[in-house]
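Observations on chain architecture
The lines below spell out each chain.
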Amino acid sequence: MVSGKKGIGRCVSVQKELYSIVSIVMATLSSDGHYEWAKEVKAFDETKAGVKGLVDAGVVKLPKLFVHRPETLNHPSPPCNDTVQLPTIDFTGLESGSGGARRREIVDEIRKASEEWGFFRIVNHGVPLRVMDAMLDGIRGFHEQPQEAKMHLYSSDSKRSVRFNSNVSLGDFDPACWRDLLTCVFRDDTLDPQAIPQVCRKEVQEYSKCMMELRETMAELLSEALGLGRDYLSRMECMKSQALACLYYPVCPEPELTFGTAKHSDTTFLTLLMQDSIGGLQIVHQNQWVDVPPVRGALIANIGDLMQ
């Protein structure tokens with residue numbers, strides 16, 4: 001909501017600029033009719049507005065940059081069999097005795113889920129619901145800011161600890177995904193608070209602190225699940241640093257032609273994923289795509305490539 005004519009004038013100016021950007025992104029064909037992928041990528045990146053900028057400009061047709069090949073879009077639908085469900089592991093009772101029966105049960109459940117799925121849902125993990133809700137609201141608030149409030153952070157430079165962008169490291173002619181991304185990297189568990197956008201600074205700091213505590217718990221449990229000493233992975237410091245990848249998926253004019261995030265595996269050691277209420281997450285289990293519906297207050301653990 002803008003008050004005052006000066007503020008309204010700035011909004012109109014930005015809106016006109018975005019409409020001109022859309023025309024550039026939508027019309028990157030060479031004189032002989034060939035698709036000029038590199039020019040379209042360059043035009044999109046130079047807006048520093050991300051996918052949300054296209055939506056704010058009123059785009060009604062998906063730019064070719066975001067259109068995926070039919071063979072990648074037309075994968076088999078997730079099975080409707082309700083018995084195919086992601087394992088859920090309840091951490092209740094985990095701290096009742098360092099080597100108690102409940103802890104051994106949880107370790108066994110993690111071992112089984114990791115071997116059979118590579119994913120599992122965690123409930124009663126100790127991260128307060130208010131912290132999770134505040135984080136979702138804070139990140140939504142960042143992405144839904146006006147373009148000029150975010151563009152100074154737009155970068156694909158992985159050396160920057162805090163950056164905003166879309167579709168990092170596209171290979172030649174790879175289709176882009178319909179999403180924006182705020183990344184906050186805590187190298188050796190540290191990040192200058194002033195580098196975090198003010199609109200979500202408090203929320204990111206509090207959530208990351210909870211994630212660091214949960215990470216240590218997960219390192220112990222995974223060590224035990226591997227039959228190793230409880231402090232084995234912690235001593236290796238293989239999870240010493242962490243990154244928050246805060247994804248935002250704007251409304252898409254032609255969702256049947258693209259992905260929010262394409263098929264991939266996480267190259268990291270461990271991912272702890274928080275979902276909002278929208279859903280859309282799918283994983284592959286026994287060569288079938290399986291829906292992972294959101295459960296409020298739960299986290300999804302993903303065993304990364306390094307751990308495997």
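Quick caveat: nothing in here was measured; it's all calculated off a predicted structure.

1. A short note on helix α6 (residues 129-143)
- With 15 residues, α6 extends 22 Å from end C-alpha to end C-alpha; this agrees with the ideal 21 Å at 1.5 Å per step.
- Restricting attention to buried positions, one finds in α6 the residues V131, M132, M135, G138, I139, F142 and H143. Along α6, the residues classed as buried sweep out an arc of 130° about the axis, all on the same side.

2. Here's the deal with the pattern of salt bridges
- With the rule as written, the count across this model stands at 16 salt bridges.
- Ionic pairing is found between E46 and K42, a salt bridge with its closest N-O pair at 2.4 Å. Of this pair, E46 and K42 both sit in helix α2 (residues 37-47), separated by 4 residues, roughly a single helical turn. The residues E46 and K42 share a single accessibility class, namely exposed.
- The network of salt bridges with shared partners includes R103, E220, E224 and R230.

3. As for the sheet that holds strand β9 (residues 299-303)
- Taken together, 4 strands build an open sheet; the order of strands is β1-β2-β9-β6 and the sheet is mixed. Where the open sheet ends on each side, the last strands, each with one partner, are β1 (88-90) and β6 (270-273). Between one strand and the next, the sheet's axes are offset by a mean angle of 30°, whatever the strand orientation.
- In terms of strand pairing, β1 meets strand β2 (residues 119-123) through 3 bridges, oriented parallel.

4. Quick notes on the sheet that holds strand β3 (residues 162-165)
- Read from one edge of the open sheet, 3 strands run β3-β4-β5, paired in antiparallel fashion. A strand with exactly one partner marks an edge of an open sheet, and here the two such strands are β3 and β5 (242-248). Between one strand axis and the next, the sheet turns by 15° as a mean value, whatever way the strands run.
- Direction of pairing for β3 relative to strand β4 (residues 180-186): antiparallel, over a ladder of 4 bridges. Across the sheet, residue N165 finds its bridge partner in β4, namely L181.

5. Thoughts on the nonpolar core
- Core analysis: the largest hydrophobic core is formed by 60 residues, its most contacted members being F66, F91, I110, F120, V204 and Y207.
- Looking at this core element by element, the count peaks at 11 residues for helix α8 (residues 201-225).
- When neighbours within four sequence positions are excluded, V204 is seen to be in contact with M135, I139, C184, F186, I196 and L244.
- If you look at the next biggest cluster of nonpolar residues, it comprises 7 residues, including L86, F119, V290 and V292.

6. Examining the side chain of K52
- Considering the arrangement of structural elements, one finds K52 in helix α3 (residues 50-56).
- According to the relative accessible area criterion, K52 is buried, its value standing at 11%.

7. Focus: unusual backbone geometry
- With phi around 55°, D188 is a residue other than glycine that occupies positive phi space.
- Summarising the element assignment, D188 is placed in the loop between β4 and α8.
- Unlike most non-glycine residues, Q286 shows phi in positive territory, near 55°.

8. Examining the packing of aromatic side chains
- Enumeration according to the criterion identifies 4 aromatic pairs in this entry.
- Aromatic pair F44 and F66: ring centres 5.5 Å apart, planes at 85°, arrangement edge-to-face. In this pair, F44 sits in helix α2 while F66 sits in the loop between α3 and α4 (70-73), placing the two residues 22 residues apart along the sequence. For the residue pair F44 and F66, the accessibility class agrees, reading buried in each case.
- With 5.0 Å between their ring centres and 75° between their planes, F66 and W178 make a pair best called edge-to-face. Of this pair, F66 sits in the loop between α3 and α4 while W178 sits in the loop between β3 and β4, and the two are 112 residues apart along the sequence.
- By relative accessible area, which is 0% here, F66 ends up buried.
- What links up through ring pairs into an aromatic cluster is the set F44, F66 and W178.

9. Topic: the confidence of the model for the protein
- On average, residues of the protein score 85 in pLDDT, and 84% of them reach the 70 mark or higher.
- For the stretch residues 1-24, pLDDT sits under 50, and the model shows 19 contacts to residues farther than four places along the chain or on other chains.

10. Observations regarding the packing of helix α5 (residues 101-116) against α8
- For the pair α5 and α8, the least separation of the axes is 9 Å and the interaxial angle reads 75°. Viewed along their axes, α5 and α8 adopt a mutual orientation that is roughly perpendicular. In this structure, α5 uses R103, I106, V107, I110, R111 and S114 to contact α8, whose residues at the interface are E220, L221, L222, E224 and A225.
- Taken together, the residues that form the contact of α5 with α8 break down as 6 nonpolar, 1 polar and 4 charged.

Conventions adopted
- Residues numbered from 1 in each chain as written.
- Predicted model: local features only at pLDDT ≥ 70, side-chain atom pairs only at ≥ 80, totals over all residues.
- Heavy atoms only, no water.
- Helix = DSSP H or I, 4+ residues; strand = E, 2+ residues; numbered from the N terminus.
- Expected span 1.5 Å × (residues − 1).
- Buried < 20%, exposed > 50% of the residue type's maximum accessible area, 1.4 Å probe, protein only.
- Arc of directions from axis to C-beta.
- Salt bridge = Lys/Arg side-chain N within 4 Å of Asp/Glu carboxyl O.
- Pairing = 2+ DSSP bridges.
- Axes fitted to C-alpha atoms, helices over the stretch in contact; angles between N-to-C directions.
- Core = buried A, V, L, I, M, F, W, Y, C linked by side-chain atoms within 4.5 Å.
- Contact = heavy atoms within 4.5 Å.
- Phe/Tyr/Trp six-rings, centres within 6.5 Å; stacked < 30°, edge-to-face > 60°.
- pLDDT = per-residue confidence, 0-100.
- Parallel < 35°, antiparallel > 145°, perpendicular 65-115°, else oblique.
- Nonpolar A, V, L, I, M, F, W, Y, C, P; charged D, E, K, R; others polar.

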